[in-house]
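Overview (structure and organization)
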Amino acid sequence: MKDTLNSKNNTPEVELLKFYPFEVSSKKPRLLGYADVRVGEIIIRGIRLFQAKNGGLFIQLPTVNFDGKDYPVVDLKSKTLLDRIRREVVDYYKALENV
């Protein structure tokens, strides 16, 4: 069985499985697409990539709306892991723009 931990800091490997690019609106923050990411043995579907008012890119993990409030589907306690997921999605999107 393949080891799915990163040897540097014992965090799971992160792999972008699929990216669905599109533009929903012109207002900021602008939704640029959705991504599915594998983190170790877990797949997170529906990560949203946005462009902020200042032009920067950020992700939002999937949420579910219940009684008018959004609740997180995935709650990451590791900022390092969240940063690695963000980097994977953003780098892929930037590569798409340069094609």
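The structure we're discussing is the one just above.
Definitions and cut-offs
Residues numbered from 1 in each chain as written. Predicted model: local features only at pLDDT ≥ 70, side-chain atom pairs only at ≥ 80, totals over all residues. Heavy atoms only, no water. Helix = DSSP H or I, 4+ residues; strand = E, 2+ residues; numbered from the N terminus. Buried < 20%, exposed > 50% of the residue type's maximum accessible area, 1.4 Å probe, protein only. Contact = heavy atoms within 4.5 Å. Areas by Shrake-Rupley, 256 points an atom, 1.4 Å probe, with all protein chains shown as cover. Patch = residues over 30% accessible without salt bridge, like charges linked within 9 Å, V, L, I, M, F, W, Y side chains within 5 Å. Salt bridge = Lys/Arg side-chain N within 4 Å of Asp/Glu carboxyl O.

For the chain, the helix and strand inventory stands at 1 helix and 6 strands. Start at the N end of the chain and walk to the C end: the helices and strands fall as β-β-β-β-β-β-α. Counting every position in the chain, which comprises 99 residues, the buried fraction comes to 32%. Restricting the contact set of the chain to residue pairs at least 6 apart, pairs at least 24 apart contribute 34%. For the chain, the accessible area works out to roughly 6,900 Å², and carbon and sulfur atoms hold 52% of it.

The next subject is unusual backbone geometry. Phi at aspartate 67 takes a positive value of approximately 55°, unusual for a residue other than glycine. Note on placement: aspartate 67 falls in the loop between β5 (63-66) and β6 (69-72). Using a relative accessible area of 69% as the deciding quantity, one classes aspartate 67 as exposed.

A few words on a nonpolar patch on the surface. Among the surface-exposed residues, Val64, Phe66, Tyr71 and Val73 lie close enough to one another that they form a single nonpolar patch of about 390 Å² accessible area. Among the structural elements, valine 73 can be located in the loop between β6 and α1 (79-97). Take valine 73: its relative accessible area is 52%, and that puts it in the exposed class.

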